[in-house]
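# Geometric and topological summary
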Amino acid sequence: MLAELVLNALVRCAAPARRLGYGRGAVSLWSRSRRCARAWAPHHAATRDYVAGLLRDLPQKGGNAWVLGAGLLDDLPLDDLCRSFDRVILADIAFLPGMARRLRRYGNVEMRLFDATGIVAPLSRWQAPENLPLPAANVLAGLDAAAPSLVLSLNLLSQLPLLPLAWLERHGVDHGTRQDYGRRIVNAHLAGLRGLACPVGLVSDHRRIFRNRAGEAVVAESALFDVTPPVAEREWTWSLAPLGEIDGQTALDLRVLATRNLGLAA
């Protein structure tokens, strides 16, 4: 608990994002990743393996690689990326203290605070009955002046709506409006990836499965607000919350998809 309090005070996060809870969210992710390290390890390994395979298949190396949702770097083959590209931009809305020190040995890695939805700052100022700020597909272009040679969206898509929707719930916005807003956020991110003129790798959970103590599925639901996910090149299961993480009776698994080249021009 003390470690979490210290990290929350030191997490690198813009003020609007901190108001919406992204600083606390980054610390909570770190804490849960440590508690569930064994359960999460196969998912992290599958993500790294998928990205490494994507890198091997690229017809051309060099230029700039963008990683959207860099997180704790547990799911990223960073050594491979740094060997393959001149610059690697790790983009996230919050970074834990100590991340810059971990990256110091890489001469071509940059950390970039970035809101992949484009709505966090205006939403932090929003008040009813104003119109909600709408996510836009072109927000990704604002990450860097130099065009990317590869963009990775890693375990981010389903997470993008969560804290904005929690903020809206605290401000009295009804369930139906929140669900529609979540769909808009998911669709905007997918459209942004598809609009990029470079190879794109997407890894995202797309379905939640709640299980009882016997391992039986009791509830299954979309993790993408009923947006149809892209066709998967690979799929696997992520044991997000083993028994005891939520409670002693419930476990939560995620179905994860990995696919590439969403953004290649037709």
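Preceding this section is the structure that the text describes.
Remember, it's a predicted structure, so these values are computed and weren't measured experimentally.

The next point concerns the packing of aromatic side chains. This structure, assessed with the given rule, holds one aromatic pair. Seen from their ring centres, Trp40 and Trp238 are 5.3 Å apart, and the 85° between their planes marks the pair as edge-to-face. Taken together, the positions of Trp40 in helix α4 (residues 37-57) and Trp238 in strand β9 (residues 234-241) put the pair 198 residues apart, joining distant regions of the chain. Judged by its relative accessible area of 10%, Trp238 falls in the buried class.

To continue, consider helix α9 (residues 175-194). Taking 1.5 Å of rise per residue, 20 residues should cover 28 Å, and α9 covers 29 Å from first to last C-alpha, within 8% of that figure. Burial in α9 covers these residues: Arg178, Tyr181, Gly182, Ile185, Val186, Ala188, His189, Leu190, Gly192 and Leu193. The N-capping residue of α9, defined by a side-chain oxygen 3.1 Å from the backbone nitrogen of Gly176, is Asp174.

Along an α-helix, residues three or four positions apart point the same way, because every turn accommodates 3.6 residues. Inspection of helix α8 (residues 162-170) places Pro164, Leu165, Trp167 and Leu168 among the buried residues, and these make up the whole buried set. Each buried residue of α8 sits inside an arc of 155° when the element is viewed along its axis, so together they form one side. The first or second residue beyond α8 is Gly172, which carries a positive phi of 80°.

Take the nonpolar core next. Within the largest apolar cluster, 48 residues are counted, with the highest numbers of intra-cluster contacts made by Leu68, Phe114, Leu123, Val151, Leu168, Tyr181 and Leu193. Every element with two or more residues in this core is listed here: α2 (15-20), α3 (22-35), β2 (64-68), β3 (87-92), α7 (120-125), α8, α9 and β7 (200-211). Ignoring anything within four residues of it in the chain, the contact list for Leu168 reads Leu123, Trp126, Leu132, Val173, Arg178 and Tyr181. Grouped together as the second largest cluster of nonpolar side chains are 37 residues, Phe85, Met111, Leu154 and Leu254 included.

Turning to the side chain of Asn64, a few remarks are in order. Position of Asn64 among the secondary structure elements: in strand β2. Residue classification places Asn64 among the buried positions, given a relative accessible area of 9%. Within the local environment of Asn64, its side chain forms a polar contact with the backbone oxygen of Ala147, the two atoms lying 3.2 Å apart.

Looking now at the pattern of salt bridges. Two side chains with opposite charge may pair up if their charged atoms get near one another. Under the defined criterion, the tally for this structure stands at 17 salt bridges. Across the pair Arg32 and Glu245 runs a salt bridge whose closest N-O atoms are separated by 3.3 Å. With Arg32 in helix α3 and Glu245 in the loop between β9 and β10 (251-260), the pair connects residues that are 213 residues apart, well separated along the chain. For Arg32, a relative accessible area of 29% puts it in the partly exposed group. Close ionic contact of Glu169 with Arg178 constitutes a salt bridge, the shortest N to O distance being 4.0 Å. When its relative accessible area of 13% is taken as the criterion, Arg178 is described as buried. A single salt-bridge network, built from bridges that share partners, covers Arg87, Glu110, Arg112 and Asp144.

Calculation notes
- Residues numbered from 1 in each chain as written.
- Predicted model: local features only at pLDDT ≥ 70, side-chain atom pairs only at ≥ 80, totals over all residues.
- Heavy atoms only, no water.
- Phe/Tyr/Trp six-rings, centres within 6.5 Å; stacked < 30°, edge-to-face > 60°.
- Helix = DSSP H or I, 4+ residues; strand = E, 2+ residues; numbered from the N terminus.
- Buried < 20%, exposed > 50% of the residue type's maximum accessible area, 1.4 Å probe, protein only.
- Expected span 1.5 Å × (residues − 1).
- Polar contact = N/O pair within 3.5 Å; in protein donor to acceptor, adjacent residues only side chain to side chain.
- Arc of directions from axis to C-beta.
- Core = buried A, V, L, I, M, F, W, Y, C linked by side-chain atoms within 4.5 Å.
- Contact = heavy atoms within 4.5 Å.
- Salt bridge = Lys/Arg side-chain N within 4 Å of Asp/Glu carboxyl O.

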